[in-house]
Amino acid sequence: MADNLHLKVITPLALIIDEQVELVEGPGELGEFGILPGHVPFVTTLSPGFLKYKQGSDTKSLLIHGGLAEVSDDNVRVLTDSTEDPSTIDTSAAKEDIYKLEKQIEESQGNAKKLKELDHQLKIAQARASVK
Amino acid sequence: MPSLKQINTKISSVKGTRRIMSAMKLIAAVKLQRSQSMLKEFRPYSDAYKEIVMGVAGKCDPKVHPLLRKPAEVKKRHFVFFTSDRGLCGSFNTGLIRNFENHLTEASFDKDQVSLSFVGRRGKDHCSSAGFSIGDYFSGANEKNYIEIANKLTSSAIEQFQKGEIDEVVLVYNYFKSALTQEITFEKLLPIEVKDEETSGTDYIYEPKRESIIGDIVPKYVQIRIERAIQESLTSEHASRMTAMENATTNADDVIKKLTLLFNKTRQAMITTELMDIVNGTEAQKQGGND
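The structure presented is a predicted model; accordingly, all values stated were derived computationally and were not measured. (Residues numbered from 1 in each chain as written. Chains lettered and ligands numbered in written order. Predicted model: local features only at pLDDT ≥ 70, side-chain atom pairs only at ≥ 80, totals over all residues. Heavy atoms only, no water.)

Draft legend 1. Inspection of the domain arrangement of chain B at higher detail. All names here are of chain B. Parsing chain B into structural domains produces domain 1 (4-19 + 246-286) and domain 2 (31-245). Summarising the inter-unit geometry, the C-alpha centres of domain 1 and domain 2 are found 54 Å apart. Taken together, the contacts link four residues of domain 1 with four residues of domain 2. The three residues of domain 1 that bury the most area against domain 2 are Glu246, Asn247 and Ala248, which together make up 95% of that side's buried surface. Scanning the region where domain 1 abuts domain 2 turns up zero salt bridges. Per-class residue counts for the side of domain 1 that touches domain 2 are one nonpolar, two polar and one charged. (Domains from an automatic or database assignment. Contact = heavy atoms within 4.5 Å. Buried area = accessible area lost by both parts, 1.4 Å probe. Salt bridge = Lys/Arg side-chain N within 4 Å of Asp/Glu carboxyl O. Nonpolar A, V, L, I, M, F, W, Y, C, P; charged D, E, K, R; others polar.)

Below, the structure is given as structure tokens:
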């Protein structure tokens, strides 16, 4: 059994992370999950939130906009539409976004497709706002 | 033999054409660079997505989700056709159309067993004049609006597939191999066809449950493949146009060279004739004077 996981985070526009890590924690659609080396094959859809990964004593995190994660043979692949570096996020703008989006959600009740999209945007904004 | 004036007019007209073609070549080169770098980043993402979908679909019974349905008999085949809006790009469109027609003849498909969607005017114009019925059609695809186009094509393809109106979805496009070679590709998108090696191996743990994941990722997969096809096609189009215009510029240079030669020859011939006239004239005068 290998001691490391090979983590790849890929978006349509770039390969964001391609590194050896010891632990990956991610925002699954049904709740947080953690992956250590030797994990059984695993597929999950992701919610917008923070992907955390540990390298030695360092723990880094990355905001991902939902997507899909797959674990097999100690390879972790995360496919997401977009990522953001938490250090560059403007939390006050995110709080305003939350307010606007909640209003829009109220206005577009009944339009399932639009609601799904707005809900996704809202989750991203909430994740942004939660950065300290 | 044409007059000097005629040749001159011709030379300047060819020079004008050459200028346009060499400008088109430069534009195509810039566009190619942009779309090629986009494609380069998009390929790993779309390939990884495809691998995961294949892995998931390969390990489960096609009955668990309508999108994995394998029709017993293919009654209606849906082609999504990617060509360019404009010409002057070598065999980019004609090659694709010819291949498609051969494909239909080989599979002995009637026109009413085929439904077609188009990205790009050239393919649509050809097929509508050939008597096919035209489904969705989008023109003016570029690096900015391709996601929107892919989105519309995806929802209509998935809807029709789930209703059973079509039994197969095939993408027809030019795959970008390099600036010099593009490969005509028929990619079967639905039903998802899994290679044997992907059916083996341990099954995944799914979270949420498998049916719900498949319902999420298969439409997204279709969308990503269509986005990929548009990108491949755009990049190939720019490459193809660049090569075609490069060749055209070289040819124009040859023509200009030949015409200039002809111009010089004609001018020389005229001078010679005039000289002969003068010499003859003087000779005649001399002889007249002697008399």
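Moving on from the coordinates now.
Draft legend 2. Spotlight on the layout of surface pockets. Reported here for the largest pocket is a volume of approximately 1500 Å³. Together, 38 residues line the largest pocket, and Asp81, Lys116, Glu117 and His120 of chain A together with Lys220 of chain B are the ones closest to its centre. Looking at the lining of the largest pocket, its residues break down into 16 nonpolar, 12 polar and 10 charged. There is about 300 Å³ of room inside the second largest pocket. (1 Å grid on protein atoms, 1.4 Å probe; cavity = no way out; pocket = protein on both sides within 12 Å on 5 of 7 lines; lining within 4 Å. Points joined across faces, edges and corners; volume = space filled by probe spheres on them.)

Draft legend 3. How the structure looks around a positive patch on the surface. Residues and elements named next belong to chain B. A surface patch of positive charge is lined by Lys31, Arg34, Arg86 and Lys144. Relative to the helices and strands, Arg86 is located in the loop between β1 (77-82) and α2 (92-106). Exposure remark for Arg86: the relative accessible area of 45% places this residue in the partly exposed category. (Patch = residues over 30% accessible without salt bridge, like charges linked within 9 Å, V, L, I, M, F, W, Y side chains within 5 Å. Areas by Shrake-Rupley, 256 points an atom, 1.4 Å probe, with all protein chains shown as cover. Lys, Arg positive; Asp, Glu negative; His and termini not counted. Charge placed at Lys NZ, Arg CZ, Asp CG, Glu CD. Helix = DSSP H or I, 4+ residues; strand = E, 2+ residues; numbered from the N terminus. Buried < 20%, exposed > 50% of the residue type's maximum accessible area, 1.4 Å probe, protein only.)

Draft legend 4. Spotlight on the pairing of strand β3 (residues 23-28) of chain A. Residues and elements named next belong to chain A. Relative to strand β5 (residues 42-55), β3 runs antiparallel, the two being bridged by four bridges. By the bridge assignment, Val24 is partnered in β5 with Tyr53. Looking at chain direction, β3 and strand β4 (residues 31-35) are connected through five bridges and run antiparallel. Within the sheet, the bridge partner assigned to Val24 lies in β4 and is Ile35. Between β3 and β4, which pair antiparallel and follow one another directly, the connecting turn spans two residues. (Pairing = 2+ DSSP bridges.)

Draft legend 5. Spotlight on the nonpolar core. All names here are of chain B. Core analysis: the biggest nonpolar cluster contains 48 residues, and Tyr49, Phe82, Ile192, Ile226 and Ile230 have the highest contact counts within it. Taken together, the elements giving at least two residues each to this core come down to α1 (4-58), β1, α4 (146-163), β4 (168-176), β5 (182-190) and α5 (210-290). With 11 residues, the single largest contributor to this core is α5. Residues contacting Ile230, with those up to four places away along its chain left out, are Phe82, Ala141, Tyr146, Ile149 and Ala150. (Core = buried A, V, L, I, M, F, W, Y, C linked by side-chain atoms within 4.5 Å.)

Draft legend 6. Local environment of the sheet that holds β5 of chain B. Residues and elements named next belong to chain B. Spatially, the five strands line up as an open sheet ordered β3-β2-β1-β4-β5, and their pairing is mixed. Where the open sheet ends on each side, the last strands, each with one partner, are β3 (134-138) and β5. In this sheet, neighbouring strand axes are inclined to one another by 20° on average, regardless of whether the strands run parallel or antiparallel. Inspection of the sheet shows β1 paired to β4 by five bridges, in the parallel sense. (Axes fitted to C-alpha atoms, helices over the stretch in contact; angles between N-to-C directions.)

Draft legend 7. Focus on the packing of aromatic side chains. All names here are of chain B. Counted by the stated rule, this structure contains nine aromatic pairs over all chains. Between Phe42 and Tyr45 the ring centres are 6.1 Å apart and the planes differ by 40°, which places this aromatic pair in the tilted class. A residue pair is termed a helical-turn pair when its members lie 3 or 4 positions apart in one helix, as Phe42 and Tyr45 do in helix α1 at three residues. Judged by relative accessible area, which is 1%, Phe42 ranks as buried. The buried category is assigned to Tyr45, whose relative accessible area is 2%. Relative to Phe132, the ring of Phe100 lies with its centre 6.2 Å away and its plane at 50°, an arrangement referred to as tilted. (Phe/Tyr/Trp six-rings, centres within 6.5 Å; stacked < 30°, edge-to-face > 60°.)

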